[in-house]
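Residues per chain are reported as follows:
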Amino acid sequence: QVQLVESGGGLVQAGGSLRLSCAASGSIVSINYMGWYRQVSGNERELVAIIGAGSNTNYRDSAKGRFTISRDNAKNTVYLQMNSLKPEDTAVYYCNAEILSRMSLADYWGQGTQVTVSS
C-alpha cells in the first residue's frame, strides 16, 4: 500500500517562508509526476506546482518567482519551498503523485497540511 505523508505547514507572517515536504512510502516501483495543490474551503482544489520524473517543472502564475518545487528521488520525497508568502496563499496544501507500485499505476493524495499566512 502506498502512502503520501506531508509535513511543514503552519502559521507565518506575510513575507515569510515555509517549506513543505511530502514523503511517499510503500511498495513503490517508480514515481512519475509529483505535485502540490491547495484548497480553500468552498473552492476547488487548484494546482500550485508540479515536477515530472525528469525534474521539469510547472507553476501556477501566482507562484512563479516565489515558490520552488523540487524532488529527491532517493527519498521518494517532494518539497515546496514557499517564499514571500501572502495572505492569499492561505489554504490546505495537498501532495499528489502518480506512482507505479507492485499492484498498479495510480494517483495518490496526501492528507493535507494547513498553511496560514497572517497579514
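Parameters and conventions
Residues numbered from 1 in each chain as written. Predicted model: local features only at pLDDT ≥ 70, side-chain atom pairs only at ≥ 80, totals over all residues. Heavy atoms only, no water. Disulfide = S-S within 2.5 Å. Helix = DSSP H or I, 4+ residues; strand = E, 2+ residues; numbered from the N terminus. Buried < 20%, exposed > 50% of the residue type's maximum accessible area, 1.4 Å probe, protein only. Polar contact = N/O pair within 3.5 Å; in protein donor to acceptor, adjacent residues only side chain to side chain. Contact = heavy atoms within 4.5 Å.

> Requested: an account of the state of the cysteines, with residues and values cited.
One pass over the structure, following the stated rule, counts one disulfide. In this model Cys22 forms its disulfide with Cys95; the gap between the sulfur atoms is 2.1 Å. On the sign convention where negative means left-handed, the S-S torsion of about -80 degrees between Cys22 and Cys95 marks this disulfide as left-handed. Taken together, the residues span a long stretch of sequence, with Cys22 in strand E3 (residues 18-25) and Cys95 in strand E9 (residues 91-101) at a distance of 73 residues. The burial state of Cys22 is the same as that of Cys95; both residues are buried.

> Break down the side chain of Asn96 for me, with residues and values.
Its location among the elements puts Asn96 in strand E9. Take Asn96: its relative accessible area is 2%, and that puts it in the buried class. A polar contact of 3.1 Å, which involves the side chain of Asn96, links it to the backbone oxygen of Tyr108. Excluding residues that lie within four positions of it along the chain, Asn96 makes contacts with Leu4, Tyr33, Met34, Gly35, Tyr37, Asp107, Tyr108 and Trp109.

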